[in-house]
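Topology and contacts: notes
Listed below are the residues making up each chain.
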Amino acid sequence: MINLHKQFAKLAVAATVSALALAGTASSTLAQEVTLRLHQFLPAQANVPKNVLDPWADKIEAESDGRIKIERYPAMQLGGKPPELIDQVVDGVVDIVWTVAGYTPGRFPRAEVFELPFTMTDAETMSRAYWKLAEETMMDEDFARFKPLALWVHGPGVIHSSKPIVALSDLNGVKLRAPTRVTNKLFSNLGATPIGMPVPAIPEALSKGVVDATVIPWEVVGALKVNELVKNHTEFPGKALYTTSFIFAMNKDKYDSLPDDLKAIIDANSGEEFSAFAGKQMQADDAGPRAAAVEMGNNIITLTDEQAAEWEAAAQGTIDEWYAEMDAKGIDGKALKARADALMAN
């Protein structure tokens, strides 16, 4: 009988130990589950959230077997304005952001090299070069306060205007929304009156006459209904008039807090290849909104090579000014541009 009690006691202890072990395992698993909040400025149905950010987040969730959950907050749903996104991720207010480098003018000077006029011909190639140049020159400087996940640019920038713009003189007196410090300087030098504002403000600004024109790639035209607000669209052959550099970033402390296997999943889906994919996808997404504008009977103006050459010559002054500004910051702007060009040529 005593032996029987001892056996029951042993079984009870074993059961308790097993329960504690299971509880410990469960606690360990739960401790590794992570929720990341992704904040950005475009509506959820826009091309970048739909075709770039959501596929990335879905892949992270799938490859982590659900241990990482990514909550997506479009259109600044967590508060603040688009220029505040980068500080939100630096300060840990959110975990991940997608933003325009130029929303905080002068903060990322080296990234501006990719925004210089008539520099880009292909968004995938330039996005790959952007990541490579960042690894060489920006990670410990411009991007030291957050973890870059990807860096890319959009397809060729297009002028969308209430009146046709063909010659440089057509810009005189035009109130034009431009996205970045470099593009604002460019259009000011070319005779327009640039007005800086984030992308979401464009439709209201056009409808109220605050601006007469805007420069954005075709891919975002549909989401903003710009082709319903203006009827003229000026394209450039060969080299793009301009493009915009983007930053997809994660809070450093949040990344560092992840277990190594989850860090590995984030890393495997970030970097040069994802940057190149994002740039390629944005340029591919130009086709639909452009076709819709053609279908609506809008005026698509494609400059001749000779006309574009006049614009390119006039834009050289903006590039020279940028070199001087970089020199004043202790950055060799000409060397940076030469290296960017070399990376795009490879």
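Use the structure listed above.
None of these values were measured; they are calculated from a predicted model. (Residues numbered from 1 in each chain as written. Predicted model: local features only at pLDDT ≥ 70, side-chain atom pairs only at ≥ 80, totals over all residues. Heavy atoms only, no water.)

What follows is about the environment of Thr35. Tracing the chain through its elements places Thr35 in strand β1 (residues 34-39). Distance from Thr35 to Lys69, taken between C-alpha atoms, is 4.7 Å for residues 34 residues apart in sequence. In this structure Thr35 touches Lys69, Glu71, Asp95 and Lys254, once residues within four positions along its chain are discounted. (Helix = DSSP H or I, 4+ residues; strand = E, 2+ residues; numbered from the N terminus. Contact = heavy atoms within 4.5 Å.)

With that settled, the discussion passes to empty space enclosed by the protein. Within this structure, the stated rule accounts for two cavities of 30 Å³ or more. The space that makes up the largest cavity amounts to roughly 140 Å³. Around the largest cavity, the lining comprises 19 residues; the ones closest to its centre are His154, Val199, Pro217, Val220 and Phe246. Taken together, the elements giving at least two residues each to the lining of the largest cavity come down to β3 (96-100) and β8 (213-216). Class assignment of the residues belonging to the lining of the largest cavity gives a composition of 15 nonpolar, two polar and two charged. Volume-wise, the second largest cavity comes out at about 60 Å³. Class assignment for the residues of the lining of the second largest cavity results in four nonpolar, five polar and four charged. (1 Å grid on protein atoms, 1.4 Å probe; cavity = no way out; pocket = protein on both sides within 12 Å on 5 of 7 lines; lining within 4 Å. Points joined across faces, edges and corners; volume = space filled by probe spheres on them. Nonpolar A, V, L, I, M, F, W, Y, C, P; charged D, E, K, R; others polar.)

Let's shift gears to the sheet that holds β8. Taken together, the six strands give an open sheet; going across it, the order is β7-β6-β8-β5-β9-β11, and neighbouring strands pair in mixed fashion. Edge positions in the open sheet fall to β7 (193-196) and β11 (299-302), since each of these has one partner strand only. In this sheet, neighbouring strand axes are inclined to one another by 25° on average, regardless of whether the strands run parallel or antiparallel. The sheet contact formed by strand β6 (residues 175-178) and β8 spans two bridges and is parallel. Across the sheet, Arg177 pairs through a bridge with Thr214, a residue of β8. (Pairing = 2+ DSSP bridges. Axes fitted to C-alpha atoms, helices over the stretch in contact; angles between N-to-C directions.)

Attention shifts here to the pattern of salt bridges. Pairing is possible between side chains that carry opposite charge, provided their charged atoms lie close to one another. On inspection of all chains with the given rule, the structure shows 20 salt bridges. With a closest N to O distance of 2.8 Å, Lys59 and Glu63 form a salt bridge. Of the two residues, Lys59 and Glu63 are both situated in helix α2 (residues 47-63); the distance of four residues between them amounts to about one turn of the helix. The exposure class of Lys59 is partly exposed, given its relative accessible area of 42%. (Salt bridge = Lys/Arg side-chain N within 4 Å of Asp/Glu carboxyl O. Buried < 20%, exposed > 50% of the residue type's maximum accessible area, 1.4 Å probe, protein only.)

Time to look at the layout of surface pockets. Space inside the largest pocket adds up to approximately 150 Å³. Lining the largest pocket are Pro117, Phe118, Thr119, Lys239, Glu312, Gln316, Ile319, Lys337, Asp341 and Met344. In terms of residue class, the lining of the largest pocket is built from four nonpolar, two polar and four charged.

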